[in-house]
Amino acid sequence: MIKIRKFAAIDIGSNAIRLLINNVIEETGKEPQFKKSSLVRVPVRLGQDSFTVGEISRSNAVRMIDAMKAFKLLMKVHNVENYMACATSAMREANNGNELAEEIEKKSGVRIEIIDGKKEAAIIASTDLHEFIDSEKSYLYVDVGGGSTEFTIFTKGKIATSKSFKIGTVRLLNDMVEEGVWKEIEKWIKKSTRNLKSLSLIGSGGNINKLYKMSGRKAGEPLSYIWLNAQYQFLQSISYEDRISELGLNPDRADVIIPATRIFLSATKWSGAKKIHVPKIGLSDGIVKLLYYTDKDDIKI
C-alpha cells in the first residue's frame, strides 16, 4: 500500500526566494521517500536592501507579497497539506523585517518565521545527510547563503559543533565583510578540525549546486580543490555579461557565484579537506523533513 503526501517549504533568503514542493511516498514497512515535485525560484535580492540600507525597500516588499500570494495558490493547486516559510539573515537584520512579515501574512495568508543562524544550521543538518556521511570519517558542512554561512562539523556520524558567520555572497558583493571576519572563520575551522583525520567538505546552496552541474561530474562524484580553484580563476577572468551569455548563468547567479566559490575554497583550504561533496540539499529540504517528522498542525494550508 502506497500513500503520497505533499509538503512545501518556502525559503526566504538574501539572494532569492524559493518554494519547494515535495512528494513524500509512504509504503508499509519502508522508510518514507522524499521526491521533489516542483521548485520555483524568484530572484528578489532582499540582502541588497537589508545589508546596505538596513531595511527592505517598498518595491521589494510588494514583490515579496506578490510572490507569497502566488506561492499560496501554487500550494493549493498542488494539494499541499502542510507548509513552513522561513526567512534568514536579510529579514532577520532588516529594521522592518517583523513588520513586513506581519503585512505579508495579512495580505497573502502565508506566515513567515524569521529564524536565527543556529536554527538555520540545525534545520539544514536535519536533512538526509546520513546518506552521504560515513560514520568512520569527519566532515565540514558548509552552507553558503547571501547573508550568512553556516559551518557544521560532523564526526562519528554526529554533529560535533556548528557556527553561523555573517559572511555571504551579497555581503561580499557589497564589500561589507571585514578582513577580521575571514580571520575569525579561519581560526574557528582550524581549531574545530585540528584533530580530525581524512576530513571531507560537504557544500550546499545554489552556487555550489551550479558549480557542480558545470563540472559535468556524475552524481555522487566529489569535486576537488584543484578543480574548484581553477574554476574560480576562470570565472574571475571573464565578464559578468559573458558569464550570462557564454555560461548560461542567471543574471542573479552570475555575480554571486564568485564570492561563494571564494568561501568554499577558503573553507576547504583551512580544513585541509581534499574532496568537496555536493549532495544538493539545503534549508528547503530540511524544512520539509522537519514538517513531516514533527507534523506541525498549526501551519496547515
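Residues numbered from 1 in each chain as written. Predicted model: local features only at pLDDT ≥ 70, side-chain atom pairs only at ≥ 80, totals over all residues. Heavy atoms only, no water.

K.L.:
Could you give an account of the packing of aromatic side chains, with specific residues and numbers?
P.N.:
Scanning the entire structure with this criterion turns up nine aromatic pairs. Plain terms: the ring middles of Phe34 and Tyr293 are 6.1 Å apart, the flat faces sit at 50° to each other, and that makes the pair tilted. You can see Phe34 sitting in strand S3 (residues 33-42) and its partner Tyr293 sitting in helix H13 (residues 283-294), a full 259 residues away along the chain. Residue class for Phe34 comes out buried when judged on its relative accessible area of 17%. (Phe/Tyr/Trp six-rings, centres within 6.5 Å; stacked < 30°, edge-to-face > 60°. Helix = DSSP H or I, 4+ residues; strand = E, 2+ residues; numbered from the N terminus. Buried < 20%, exposed > 50% of the residue type's maximum accessible area, 1.4 Å probe, protein only.)

K.L.:
Which residues make up the packing of helix H5 (residues 117-125) against H13, and what values go with them?
P.N.:
Viewed as axis vectors pointing N to C, H5 and H13 meet at an angle of 75°, and their least axial separation amounts to 7 Å. The pairing of H5 with H13 is recorded here as roughly perpendicular in orientation. Here Glu120, Ile123 and Ile124 of H5 come into contact with H13, specifically with Leu283, Gly286, Ile287 and Leu290. Class assignment of the residues belonging to the contact of H5 with H13 gives a composition of five nonpolar, one polar and one charged. (Axes fitted to C-alpha atoms, helices over the stretch in contact; angles between N-to-C directions. Parallel < 35°, antiparallel > 145°, perpendicular 65-115°, else oblique. Contact = heavy atoms within 4.5 Å. Nonpolar A, V, L, I, M, F, W, Y, C, P; charged D, E, K, R; others polar.)

K.L.:
Any chance you could break down the environment of Ser57 for me, citing the residues and the numbers?
P.N.:
Within the secondary structure, Ser57 is located in the loop between helix H1 (46-52) and helix H2 (58-77). Among the residues examined, Ser57 registers a relative accessible area of 25% and is labelled partly exposed. Residues Ser57 and Val288, spaced 231 residues apart in sequence, show a C-alpha to C-alpha distance of 29 Å. Here Asn60 takes part through its backbone nitrogen, which lies 3.3 Å from a polar atom of the side chain of Ser57. (Polar contact = N/O pair within 3.5 Å; in protein donor to acceptor, adjacent residues only side chain to side chain.)

K.L.:
For the nonpolar core, give the residues involved together with the corresponding values.
P.N.:
Ranked by size, the top nonpolar core spans 36 residues in total, and within it Leu140, Val142, Phe151, Ile167, Ile189 and Leu201 carry the most contacts. Every element with two or more residues in this core is listed here: strand S6 (138-144), strand S7 (149-155), helix H7 (179-193), strand S9 (199-204), helix H8 (206-215), helix H9 (225-237) and helix H12 (257-271). It is H12 that provides the largest number of residues to this core, a total of eight residues. (Core = buried A, V, L, I, M, F, W, Y, C linked by side-chain atoms within 4.5 Å.)

K.L.:
Just give me the short version of H12, but keep the residues and values in it.
P.N.:
Taking 1.5 Å per residue as the helical rise, H12 with its 15 residues ought to reach 21 Å, and the 21 Å between its terminal C-alpha atoms agrees with that figure. The buried fraction of H12 amounts to 13 of the 15 residues, a majority that puts the element mostly inside the structure. (Expected span 1.5 Å × (residues − 1).)

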